[in-house]
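# Coordinate analysis (summary)
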Amino acid sequence: TVGLFPQAMADGAYIHTNSWGGGAYGDYSQYSQDIDEMMWANQDFLVIFSNGNDGPGTTTITPPATAKNCLSIGASETSNDGYGHNSVNVASFSSWGPTGGWGRVKPDVCAPGYYIFSAGNNDVTDGTSPNDELYGFSGTSMAAPTVAGCCALVREYFTTGMYTPLGASTGFQGAGAFTPTAAMMKSVIVNSAQPMTGSNTGGTIPGDGQGWGRV
């Protein structure tokens, strides 16, 4: 994992979203440690991980989403998707926390992860057809990139000077601008979350299924 991040940073990335993982449920693995150490050494660089798709059930999260410093994302259902789902519910497949050992709250937050559509290659490689397919998938791998986009907006809010220490938006790029740490971006996202009141939440916030709620 360590080799992934310097390349991204060298290319100018400050938010790194990951939809992979595996291993013993709740385990703090070497990968988890690598991520924590990397984020400690590069405090402006935010790493995001999907929480896993082995829920519901206590401590079904898999590493490296178990890392302390990363932002771990569970999946909510998606309202009005034509299948009777509701965004107040945690998706039935979304893995739960807490982590093993320390009992850390994970996921940190949830985001819609049911039937999320994105661009895909239509597998035609002879140059005669445009790659214009749309694919709908479900999983915490769909929810994590959604939160990465939210984090990009949070970072832009601070780096373009839309926030000032006086608490007023200047509307002028550069006034009061600063670079937020990964910890600050994570804190803003967690504090944006709304408690989910439906099924598979694992209780009120912080719930084992929903973490601190839905962004």
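All values derive from a computational prediction rather than experimental measurement.

Attention now goes to the overall build of the chain. A tally of regular secondary structure across the chain gives four helices and six strands. In the chain, the order of α-helices and β-strands from amino to carboxyl end is α-β-α-β-β-β-β-β-α-α. Residue burial in the chain is summarised as follows: out of 215 residues, 43% are buried. Residue pairs at least 24 apart in sequence account for 66% of intrachain contacts in the chain once pairs closer than 6 positions are excluded.

On to the side chain of N18. With respect to the helices and strands, N18 occurs in strand β1 (residues 15-18). Overall, the relative accessible area of 4% leaves N18 in the buried class. Side-chain polar atoms of N18 contact the side chain of H16, separated by 3.1 Å. In this structure the side chain of N18 is engaged in a polar contact, spanning 3.3 Å, whose partner is the side chain of W20. In this view, N18 contacts L4, F5, V47, I48, F49, S50 and A144; residues no more than four positions away in its chain are not counted.

In this structure, the largest pocket occupies an estimated 190 Å³ of space. The set of elements that each furnish at least two residues to the lining of the largest pocket consists of α2 (30-41) and α4 (182-192). The biggest single contributor to the lining of the largest pocket is α4, with four residues. In terms of residue class, the lining of the largest pocket is made up of five nonpolar, four polar and one charged.

Excluding glycine, a negative phi dihedral is what most residues carry, and trans is how most peptide bonds are arranged. Cis geometry is adopted by the peptide bond preceding P64, which originates at P63 and carries an omega value of 5°. With respect to the helices, strands and loops of the structure, P64 is situated in the loop between β2 (46-50) and β3 (71-76). Note the cis peptide between K106 and P107, where omega equals 0°. Here P107 lies in the loop between β3 and β4 (109-112). Its identity is not glycine, yet T59 carries a phi of approximately 55°, on the positive side.

Turning next to the environment of G149. Among the structural elements, G149 can be located in helix α3 (residues 140-159). With 132 residues separating them in the primary sequence, G149 and T17 have C-alpha atoms 9.5 Å apart.

For the rest of this paragraph, the subject is the packing of aromatic side chains. Across all of its chains, the model carries seven aromatic pairs by this definition. Look at Y157 and F158: their rings are 5.3 Å apart centre to centre, the planes differ by 70°, and that puts the pair in the edge-to-face class. Looking at F158, the relative accessible area reads 6%, which means it is buried. With a centroid separation of 5.1 Å and an interplanar angle of 45°, the aromatic rings of F158 and F178 are classed as tilted. With F158 in helix α3 and F178 in the loop between α3 and α4, the pair connects residues that are 20 residues apart, well separated along the chain.

Our focus in this paragraph is α2. Under the 1.5 Å per step criterion, the end-to-end length of α2 is 16 Å for 12 residues, consistent within 8% with the ideal 16 Å. Looking at α2, one finds that the buried residues are S32, D34, I35, D36, M38 and M39. With a side-chain oxygen positioned 3.2 Å from the backbone nitrogen of Y31, the residue opening α2 is S29.

What follows concerns the sheet that holds β4. As summarised here, the arrangement of the four strands in space is β1-β2-β3-β4, forming an open sheet in which the pairing is parallel. Looking at the sheet topology across the chains shown, the edges are occupied by β1 and β4. Put simply, the sheet's adjacent strands are angled 30° from each other on average, direction ignored. In this fold α3 packs onto β1, β2, β3 and β4, with an angle of close to 120° to the strand it touches most, β3. Contacts from α4 reach β1, β2, β3 and β4, with the element oriented near 25° to β3.

In the structure shown here, the tally under the stated rule is one salt bridge. Two residues, D108 and K106, come together in a salt bridge whose shortest N-O distance is 3.0 Å. By relative accessible area, which is 6% here, D108 ends up buried. The class of K106 is buried, set by a relative accessible area of 1%.

The rules we used
- Each chain has its residues counted from 1, running along the sequence as written.
- Totals for whole chains, interfaces and linings use every residue, but because this is a predicted model, local features are given only for residues with pLDDT of at least 70 and side-chain atom pairs only at 80 or more, for both listing and counting.
- Calculation of side-chain values draws on the structure's entire complement of heavy atoms; hydrogens and water are dropped beforehand.
- The numbering of helices and of strands both runs from the N terminus, where a helix is a DSSP run of H or I of at least 4 residues and a strand a run of E of at least 2.
- Whether a residue is buried, partly exposed or exposed follows from its accessible area with a 1.4 Å probe, protein chains only, as a fraction of its type maximum: under 20%, in between, or over 50%, in that order.
- Residues are treated as being in contact if the distance between any of their heavy atoms lies within 4.5 Å.
- Polar contacts, as used here, are pairs of N or O atoms within 3.5 Å; protein pairs need one atom able to donate a hydrogen and one able to accept it. Residues neighboring in sequence count only if both atoms are side-chain atoms.
- The way it works is a 1 Å grid over only the protein atoms, where trapped points that fit a 1.4 Å probe form a cavity and open points with protein on both sides within 12 Å along at least five of seven lines form a pocket, and then any residue with an atom within 4 Å of a point lines it.
- Grid points are joined across faces, edges and corners, and a volume is the space filled by probe spheres set on the points.
- Residues were grouped as follows: Ala, Val, Leu, Ile, Met, Phe, Trp, Tyr, Cys and Pro as nonpolar; Asp, Glu, Lys and Arg as charged; and all remaining residues, including Gly, as polar.
- Pairing of aromatic rings covers Phe, Tyr and the six-membered ring of Trp, with a centre-to-centre limit of 6.5 Å; geometry is then stacked below 30 degrees between planes, edge-to-face above 60, and tilted otherwise.
- How far a helix is expected to stretch is found by multiplying one less than its residue total by 1.5 Å.
- Any two strands are treated as partners once DSSP identifies two or more bridges connecting them.
- Geometry is summarised by axes, namely lines fitted to C-alpha atoms with helices restricted to the contacting stretch, and by angles between N-to-C directions that run from 0 to 180 degrees.
- Salt bridges are counted wherever a side-chain nitrogen of Lys or Arg sits within 4 Å of a carboxyl oxygen of Asp or Glu.

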